[in-house]
Amino acid sequence: MLTMIDAGAPYGIATATDGALWFTLAHQGCVGRLVPGEKPVIHHLDPADGQPTLIVRGPDGEMWFSEYKGNRISRITADGRLTTYEAKTPYGIATGPDGALWFTELESGRIGRIGVDGVMSTFDVPVEGGMPSFITAGPDDALWFTLNQGNAIGRVSLSGEITLHPLPTEGAAPVGMTLGPDDALWFVEIGAGQIGRIDVSGQITEHPLPDRGARPHAIITGPDGALWFTEWGVGRLGRITTDGTVDEHPLPVPPAKEDADPARPEPHGLTIGPDGAIWVALEAGALARVEVP
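Scoring rules and cut-offs
Residues numbered from 1 in each chain as written. Predicted model: local features only at pLDDT ≥ 70, side-chain atom pairs only at ≥ 80, totals over all residues. Heavy atoms only, no water. Helix = DSSP H or I, 4+ residues; strand = E, 2+ residues; numbered from the N terminus. Rg over C-alpha atoms; globule rule 2.2 N^0.38 Å. Contact = heavy atoms within 4.5 Å. Areas by Shrake-Rupley, 256 points an atom, 1.4 Å probe, with all protein chains shown as cover. Lys, Arg positive; Asp, Glu negative; His and termini not counted. Charge placed at Lys NZ, Arg CZ, Asp CG, Glu CD. Buried < 20%, exposed > 50% of the residue type's maximum accessible area, 1.4 Å probe, protein only. Pairing = 2+ DSSP bridges. Salt bridge = Lys/Arg side-chain N within 4 Å of Asp/Glu carboxyl O. Axes fitted to C-alpha atoms, helices over the stretch in contact; angles between N-to-C directions. Phe/Tyr/Trp six-rings, centres within 6.5 Å; stacked < 30°, edge-to-face > 60°.

**Student:** Hey, could you run me through the overall build of the chain in this one?
**Tutor:** If you tally the helices and strands in the chain, you get zero helices and 28 strands. Computed over its C-alpha atoms, the radius of gyration of the chain comes to 18 Å, within 12% of the 19 Å expected for a compact globule of 293 residues. Considered along the principal axes of its C-alpha atoms, the chain spans approximately 50 × 45 × 35 Å. Long-range contacts, defined here as pairs at least 24 residues apart, represent 40% of the contacts in the chain between residues at least 6 apart. Carbon and sulfur atoms form 47% of the exposed surface of the chain, whose accessible area is close to 11800 Å². Separation between the mean location of the 19 positive side-chain charges and that of the 38 negative ones in the chain comes to 3 Å.

**Student:** Please clarify how the pairing of strand 27 (residues 278-282) should be interpreted in this entry.
**Tutor:** The side chains of a regular strand alternate, residue by residue, between the two faces of the sheet. Most of strand 27 sits out of view: five of its five residues are buried. Burial of the side chains of strand 27 extends over both faces: Ile278, Val280 and Leu282 are buried on one face and Trp279 and Ala281 on the other. Bridge count for strand 26 (residues 267-272) against strand 27 is four bridges, and the pairing is antiparallel. Considered in strand 27, the bridge of Ile272 is made with Ile278.

**Student:** Even after reading the chapter, I still don't get the pattern of salt bridges, so can you show me in this structure?
**Tutor:** Proximity of charged atoms lets side chains of opposite charge pair with each other. Summed over all chains, the structure comprises 16 salt bridges. Here Asp275 ties to Arg289 by a salt bridge, and the two come within 2.6 Å at their closest N and O atoms. You can see Asp275 sitting in the loop between strand 26 and strand 27 and its partner Arg289 sitting in strand 28 (residues 286-290), a full 14 residues away along the chain. Assessed through its relative accessible area of 37%, Asp275 is described here as partly exposed.

**Student:** Can you walk me through the sheet that holds strand 21 (residues 204-208) in this structure?
**Tutor:** Pairing in this open sheet of four strands is antiparallel, and the strands run 18-19-20-21 from one edge to the other. One side of each edge strand has no neighbouring strand; the edge strands of this open sheet are strand 18 (174-179) and strand 21. Across the sheet, the mean angle separating the axes of adjacent strands is 20° when strand polarity is ignored. When strand 20 (residues 194-198) meets strand 21, the two strands line up antiparallel, connected through five bridges. Among the inter-strand pairings, Gly196 is bridged to a residue of strand 21, identified as Glu206.

**Student:** Even after reading the chapter, I still don't get the pairing of strand 19 (residues 185-189), so can you show me in this structure?
**Tutor:** Most of strand 19 sits out of view: five of its five residues are buried. The alternating pattern of strand 19 places Leu185, Phe187 and Glu189 and Trp186 and Val188 on opposite faces, both of which are buried. Two successive antiparallel strands, strand 18 and strand 19, enclose a turn made up of five residues, where Asp183 displays a positive phi of approximately 65°. Both strand 19 and strand 20 contribute to a ladder of five bridges, which runs antiparallel. Each residue of the ladder has a partner; that of Glu189, found in strand 20, is Gln194.

**Student:** So what exactly am I meant to see when it comes to unusual backbone geometry here?
**Tutor:** Excluding glycine, residues mostly have negative phi values, and the peptide bonds linking residues are mostly trans. In the segment running from Asp46 into Pro47, the intervening peptide bond is cis, with an omega of 5°. In this structure, Asp183 is a non-glycine residue whose phi angle is positive, near 65°. Structurally, Asp183 is set in the loop between strand 18 and strand 19. We classify Asp183 as partly exposed; its relative accessible area is 48%. Phi angles above zero are rare outside glycine, and Arg215 is one such case at about 60°. On the secondary structure map, Arg215 appears in the loop between strand 21 and strand 22 (216-221).

**Student:** When you look at the sheet that holds strand 15 (residues 142-147) in this model, what are you seeing that I'm missing?
**Tutor:** Within a sheet, neighbouring strands are paired by backbone hydrogen bonds and run either parallel or antiparallel to one another. The strand order across the open sheet built from four strands is 14-15-16-17, with neighbouring strands paired in antiparallel fashion. In this open sheet, the two strands that pair with only one neighbour each are strand 14 (132-137) and strand 17 (162-166). Within this sheet the neighbouring strands show an average axis-to-axis angle of 25°, counted without direction. Strand direction decides the pairing type here: strand 14 and strand 15, joined by four bridges, are antiparallel. Of the residues in strand 15, the one forming a bridge with Pro132 is Leu147.

**Student:** Help me understand the packing of aromatic side chains in this model?
**Tutor:** How two aromatic rings sit relative to each other is set out by the distance from centre to centre and by the angle between their planes. Within this structure, the stated rule accounts for three aromatic pairs. On the numbers, 5.7 Å between centres and 75° between planes, the contact of Tyr91 with Phe134 is edge-to-face. Residue Tyr91 is located in strand 10 (residues 90-95), and its partner Phe134 is located in strand 14; the two are separated by 43 residues in the primary sequence. We note that Tyr91, like Phe134, is buried. Their ring planes at 20° and their centres at 6.0 Å tell us that Trp102 and Phe123 sit as a pair that is stacked.

Have a look at this one:
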């Protein structure tokens, strides 16, 4: 099932405490809110050139999102009220086990933290040009993150101590990451076409996809105890069990807009919706709902 988003190209998506779906329109400088079955409400950001990317439910129950080009992290309430914080090229964003908001700075190579008091701290990642990307809370009172150009997985303690784990595959270019149902961290390798797993001891396992050119982008733990991920390059939604069994599901293609080339789905973010289905942000201009068997 598709919900068309006429206002632009959805990129990140997350579910709020009240069951609404929030999504970013990276190219249009907007953030949207959708109650399934109703029309989406679009909040236009000012300035609109910030490129809102990833969005999460924050430690205070409100929605927080990164504006990569605008060098901002913003908090938005259900009625559209904004609070902003300065950050340099923020991308990944997550709620930490300490009740703070944690984020990555893609170009400056830092991990940041915004406390409940609004005070910001940053920690340098010791890899020049490493491009820390997604970040998520681990099972060990720490945050874990992907180093897209550093070809590694990182761990940052609540005090800012950083440990790096190089990946076995060269050019893997890890991006999305999530805490799995087995208390390990699962991630996607967009450059190698693999799904990776790392436990808290640092042991890494890589699972090649049937199509190594699928370009996996984001990953979450599904309601069925498996991991679900987007395959941006081929327009599919993938599923992998904790023992490494992979199956894939084609995503619907939104109708091409007038005077435009035929659309591809271009799936990016995904979330578990209030109805237990997987909702996927399609940059082609829609949100896709996929039933979990």
